[in-house]
Amino acid sequence: MNVDLHCHSTASDGALSPREVVRRAAAGGVELLALTDHDQLSGLEEAREAAHEEGIGFVDGVEISVSWRGMTVHVVGLGVDARHHALNEGLERVRSGRIERAREMARQLEDAGIAGSFEGAMALADNPAMVSRTHFARYLAQCGRVATTKEAFRHYLVPGKPGYVAHGWALLADALRWIVEAGGRAVLAHPGRYRLSGGAMADLLGEFRAAGGGAIEVVTGSHAPDQYALFGALALQYGLAASRGSDFHGPEEGAELGGLPELDTRLRPVWADWSP
Ligand code: AMP
Ligand code: MN
Ligand code: MN
Ligand code: MN
């Protein structure tokens, strides 16, 4: 089955509306899709409806921003009840402060000789409260400072470069509690992106599992193919299920919906709960 359990719409930092994302997934052969916007559930209703029209399976999802040991870690919640009170309240808190952060990012970019990035990023953000580094990256590409958004994340917007402003996101234990209480399964997103040492990764996986985490992303657009085997082995070692998701943000911005390889058959797929 072609499963894609991680992607974004204009409800957060994706380039397409929830309906367009679902149509594109269906056209690309996806049979079971989860929309997982950052800290935001507002795209789910439209996406669920569109999935019904397209005749594909759909799982309500969210990708929660977490601060762990001073760095940002993402936790995907799958199969959550989008009306759950504690989840909604928690996410509202996580979402706050993005506009102020964006002003500070723009000040740093201004010092690096890039004018107008606050207005530029805001103009590209369909949902201004969710203005993110992705919108700044698109602005930098649009005004010709970089050739691609990927390049923007090499020279700007990352720790140690202009335009990076750290932020206090959710605590790991809180994010996991909101997901589990809302009836969902918590998945550690793209673990290979955090560049952790073996010891720190063991700490993260141990804490994640102890606090209710159930799966890790193994096949994701953020992993190089050699990382599929590495994180597959860690899933087995920690008794965690495995997930697969493109982390699609828009056409020509990384992996395509449903376009990644299958999970290794030795792994327990997180979607076993939802597939027919
Ligand atoms: P923010 O939540 O504002 O910190 O923005 C985080 C978003 O920036 C992520 O969800 C990605 O969409 C994007 N991002 C971060 N790092 C990279 C990278 N190295 N390459 C491409 N996109 C990235
Ligand atoms: Mn994103
Ligand atoms: Mn992420
Ligand atoms: Mn994502």
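Further up the page is the structure itself.
Asker: Could you give me a rundown of the pattern of salt bridges, with the residues and numbers involved?
Answerer: With the rule as written, the count across this model stands at 12 salt bridges. Ionic pairing is found between Arg69 and Asp203, a salt bridge with its closest N-O pair at 2.9 Å. Remark: Asp203 occurs in helix α9 (residues 198-210) and Arg69 occurs in the loop between β3 (57-68) and β4 (71-78); sequence separation between them is 134 residues. Ionic pairing is found between Arg138 and Glu253, a salt bridge with its closest N-O pair at 2.8 Å. Highlighted residues: Arg138 in helix α6 (residues 133-142) and Glu253 in the segment after β8 (241-245), separated in sequence by 115 residues. The exposure class of Glu253 is partly exposed, given its relative accessible area of 24%. One continuous salt-bridge network, built from bridges that share partners, spans Arg19, Glu49 and Glu53.

Asker: For the coordination of the manganese ion (ligand 3), give the residues involved together with the corresponding values.
Answerer: Only Glu63 (OE), His74 (ND1) and His190 (NE2) from the protein reach the manganese ion (ligand 3) as donors, at distances of 2.1 to 2.2 Å. When the donors of the manganese ion (ligand 3) are listed by position in the chain, the intervening gaps give E-x10-H-x115-H. Using a relative accessible area of 12% as the deciding quantity, one classes His74 as buried. A relative accessible area of 1% means that His190 is categorised as buried.

Rules of the game
- Residues numbered from 1 in each chain as written.
- Chains lettered and ligands numbered in written order.
- Predicted model: local features only at pLDDT ≥ 70, side-chain atom pairs only at ≥ 80, totals over all residues.
- Heavy atoms only, no water.
- Salt bridge = Lys/Arg side-chain N within 4 Å of Asp/Glu carboxyl O.
- Helix = DSSP H or I, 4+ residues; strand = E, 2+ residues; numbered from the N terminus.
- Buried < 20%, exposed > 50% of the residue type's maximum accessible area, 1.4 Å probe, protein only.
- Donors = N, O, S within 2.8 Å, 3.2 Å for Na, K, Ca; no water.

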